[in-house]
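# Analysis of the macromolecular model
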Amino acid sequence: MVVASDAIEETSHHGGTEEALEHHNGRTKGEFAVEADLLEMKYKIFRFPSNLRRIGTERDYIVPSTVAFGPYYHRNPELQAMEEVKRKAVDYFFQQSAQEQEATYKKMISITRKARNYYADSYVLDGIPDNEFASMMFIDGCFLVMFIDYMIRASTETSWLASMIQPYMIGITRDMMLLENQIPWPVIEFFMALRPLTMGQIIGFVTSCLSGRILSKGSFILDIDQDYQPSHLLCLTRSCIVGRKHVTEAPFFPDETVQSYTSAVELAEMGIKLKPTENTQLSDINIAEGPFFATLSLPPLSLDSIGACWLVNMAAFEMWTETSWTDDCSINSYLAVLSLLMSQEDDVGELRARRIIQGLSNHRALEFFDGLEPGLCPGRAYYRLIVGLAEYKHKRRMWISIYRFLYNNIRTILKVVSLVGVLVGIFTELDQLSEITLNETCLGKDAMCILGKLRILRCLRLLHGSYIECNLNFEAEEFQQLRSLVVDCSGITNISFESGAAPKLKMIIWSFVTMEALFGVEHLPKLKKLELNGNCNLDKVTAAIEIILTSLF
């Protein structure tokens, strides 16, 4: 705003004509005015937008519950208890500082005059005199910097402060990121210099809260552009978790309507793999095509109740400062992508299994995104992804049809094709096998019947994923030469032997997660060793143990 006004004023002072005034540096006066308004918008502290007001009201994402920062809730009766805590904390701050409180307050008066212009709701400010506003900025700014410093540093000087704010810590952490509860950055910066506290340390702290990583106090440091000037703490946090990814070209939109994909399961059916990015910046959303499959990379998110509140408020702030058709709107776009991928709890489970989302339970996460999605205003980052998915589907529609069939019918295909085609073709040709080890073969009952007919098979090992049914049954006249059986397949919970099955079996080693039953051991006259590895009820195998003891003695 200052740059635009100064440029126009300079042209006038130099005796420029009306034409020169209208076309300074190739731009009209009207264009300067628009730029000035847009720049001013970036530095305003707004009210919560109507788009998200429903979910904001339902989940208490708008009104602070513990502490008021700034004028919007300064006189809220329910928050007056914290006003006394804030005043005592400020007194303590200056007791520990070389600065005098009164002198520091006078130095800050000029900043508070400018800070008043940051608030978009002039109606509230009209009822607050300048002296009251200055005192409020002084106390709130000092207390907020003290609180953040306390959360970052592990020092003995904060022991008194800890006893004062510990009962309110969670509430303050939540309330300091509410859109309507912000303090102008120049006020915060003023007190940061007194502490001292750096912008990098603040960002390291707030980003660690969102990423879910537990960092040691003192390691909250992040390199950022020191010339960057945010409008307030929420603005700073959003800028750093979004990153600096900027796209200058508008995305390509096909003539036909672009289909939105609404579940993680559907993407899996198309051969699109979900993968967490190493970079946690939320602008890092992309789809990469390989020779057979595609990979959709999404930044991981650790979502708890406080993190959800912060993200919704960042999305609300973004609605005031960016537009859907000219900007990425990275927070809204990221949340919109996750909302589209979640249509049922299985989708949340898929995202959790891929380490993209952590924290809230599947049900609570689905409920959160269902309520959030209608109010979001995604930008170009979202539409680039949707267009990329549409292009992928169009180019590989034949391959996707084949893959979707294989994906949804893999077990049936393995049972029919593998069993009848492969086993009959291989095992009957290799009837001289005496030892077989199976792993990840997904065999079923029919395959066991074929194995049971091999004439000299003496050792059978069934390892992880080798058998897809829970009941492993050895039927009469099968496995006539089998001496050793090793089962290490978690899906098998029952093993049974019919009379006449495996008459020469001497050893059974069974490793399991859950064992329901072991039947028919009395039909194994040669059995000498039974080894069970896992959580089992010995009452279920008492008969088998008695039979082995009888045969030994």
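Please refer to the structure placed before this passage.
Here's what I pulled together on the structure shown here. (Residues numbered from 1 in each chain as written. Predicted model: local features only at pLDDT ≥ 70, side-chain atom pairs only at ≥ 80, totals over all residues. Heavy atoms only, no water.)

### Quick word on the overall build of the protein chain
Along the backbone of the protein chain there are 22 helices and 13 strands. Classification of the 553 residues of the protein chain by burial places 48% in the buried group. For the protein chain, the share of sequence-separated contacts (at least 6 apart) that also reach a separation of at least 24 residues comes to 65%. Approximately 27200 Å² of the protein chain is accessible, and the part contributed by carbon and sulfur atoms is 54%. (Helix = DSSP H or I, 4+ residues; strand = E, 2+ residues; numbered from the N terminus. Buried < 20%, exposed > 50% of the residue type's maximum accessible area, 1.4 Å probe, protein only. Contact = heavy atoms within 4.5 Å. Areas by Shrake-Rupley, 256 points an atom, 1.4 Å probe, with all protein chains shown as cover.)

### Points about the pairing of strand 6 (residues 435-438)
In strand 6, alternate side chains face the same way, and those of Ile436 and Leu438 are buried while those of Glu435 and Thr437 on the opposite face are not. Two strands pair when backbone bridges link them, and strand 6 and strand 7 (residues 459-462) are joined in this way by four bridges, in the parallel orientation. Within strand 7, the position partnered with glutamate 435 by the bridge is cysteine 459. In terms of handedness, the path from strand 6 via helix 21 (residues 445-451) over to strand 7 forms a crossover that is right-handed. (Pairing = 2+ DSSP bridges. Right-handed = clockwise from strand over helix to strand, strands pointing away.)

### Notes on the sheet that holds strand 12 (residues 517-519)
Strand order in this open sheet of three strands is 8-10-12, and the pairing throughout is parallel. In this open sheet, the two edge strands, each paired with only one partner strand, are strand 8 (471-474) and strand 12. In this sheet, adjacent strand axes meet at a mean angle of 10° when their direction is disregarded. Across four bridges, strand 8 lies against strand 10 (residues 494-497) in parallel orientation. Across the sheet, the residue bridging to phenylalanine 474 is phenylalanine 497, located in strand 10. (Axes fitted to C-alpha atoms, helices over the stretch in contact; angles between N-to-C directions.)

### So, the packing of aromatic side chains
According to the stated counting rule, one finds 14 aromatic pairs in the structure shown. Measuring from centroid to centroid gives 5.4 Å for phenylalanine 138 and phenylalanine 191, while their planes differ by 65°, and the two rings are edge-to-face. Placement of the pair is phenylalanine 138 in helix 8 (residues 130-152) and phenylalanine 191 in helix 11 (residues 185-194), with a sequence separation of 53 residues. With 5.2 Å between their ring centres and 90° between their planes, phenylalanine 190 and phenylalanine 191 make a pair best called edge-to-face. There is no split in this pair, since phenylalanine 190 and phenylalanine 191 are both buried. Taking the ring centre of phenylalanine 293 as reference, the NZ or CZ of lysine 273 above it sits at 4.9 Å. (Phe/Tyr/Trp six-rings, centres within 6.5 Å; stacked < 30°, edge-to-face > 60°. Lys NZ or Arg CZ within 6 Å of the ring centre and 35° of its normal.)

### Section: the sheet that holds strand 13 (residues 529-535)
Taken together, five strands build an open sheet; the order of strands is 6-7-9-11-13 and the sheet is parallel. This sheet does not close on itself; its edge strands, each paired only once, are strand 6 and strand 13. Taken pair by pair, the neighbouring strands of this sheet meet at an average axis angle of 5°, ignoring direction.

### Digging into unusual backbone geometry
Omega for the peptide link from arginine 195 to proline 196 comes to -10°, which places this bond in the cis form. Looking at the element boundaries, proline 196 is found in the loop between helix 11 and helix 12 (199-211). Phi is positive for arginine 355, which is not a glycine, with a value near 60°. As for its placement among the helices and strands, arginine 355 is situated in the loop between helix 17 (345-353) and strand 5 (357-359).

### Details of the environment of methionine 192
Within the fold, methionine 192 resides in helix 11. For methionine 192, a relative accessible area of 6% corresponds to the buried category.

### Quick look at the side chain of threonine 237
Within the element layout of this structure, threonine 237 appears in helix 13 (residues 233-242). The exposure class of threonine 237 is buried, given its relative accessible area of 0%. The contacts of threonine 237, once residues within four sequence positions are left out, are Met177, Ile203, Val206, Leu210 and Met314.

### Observations concerning the pattern of salt bridges
By the definition in use, this model includes 21 salt bridges. Here glutamate 180 makes a salt bridge to arginine 53, at a shortest N to O gap of 3.6 Å. Here the residue glutamate 180 occupies a position in the loop between helix 10 (169-175) and helix 11, and arginine 53 occupies one in helix 4 (residues 53-58), the gap between them amounting to 127 residues. Taking the relative accessible area as the measure of exposure, glutamate 180 reaches 3% and is therefore buried. When the shortest N-O distance is used, the salt bridge between glutamate 84 and arginine 87 registers 3.9 Å. Here glutamate 84 pairs with arginine 87, and both are found in helix 5 (residues 80-95), just three residues apart, close to one helical turn. The class for glutamate 84 is partly exposed, based on a relative accessible area of 41%. Connected through shared salt-bridge partners, Arg47, Arg53, Asp121 and Glu180 make up one network. (Salt bridge = Lys/Arg side-chain N within 4 Å of Asp/Glu carboxyl O.)

### Details of the environment of aspartate 140
Within the secondary structure, aspartate 140 is located in helix 8. Along the chain, aspartate 140 and isoleucine 183 lie 43 residues apart, while their C-alpha atoms are 7.8 Å from each other. Excluding anything up to four places from it in sequence, aspartate 140 contacts Ala68, Phe69, Gly70, Lys86 and Ile183. Separated by 2.6 Å, the side chains of aspartate 140 and lysine 86 make a polar contact. (Polar contact = N/O pair within 3.5 Å; in protein donor to acceptor, adjacent residues only side chain to side chain.)

### Observations concerning a nonpolar patch on the surface
Together, Met398, Ile402, Phe405 and Leu406 make up an exposed nonpolar region whose accessible area comes to about 410 Å². Residue placement: leucine 406 occurs in helix 20 (residues 397-427). (Patch = residues over 30% accessible without salt bridge, like charges linked within 9 Å, V, L, I, M, F, W, Y side chains within 5 Å.)

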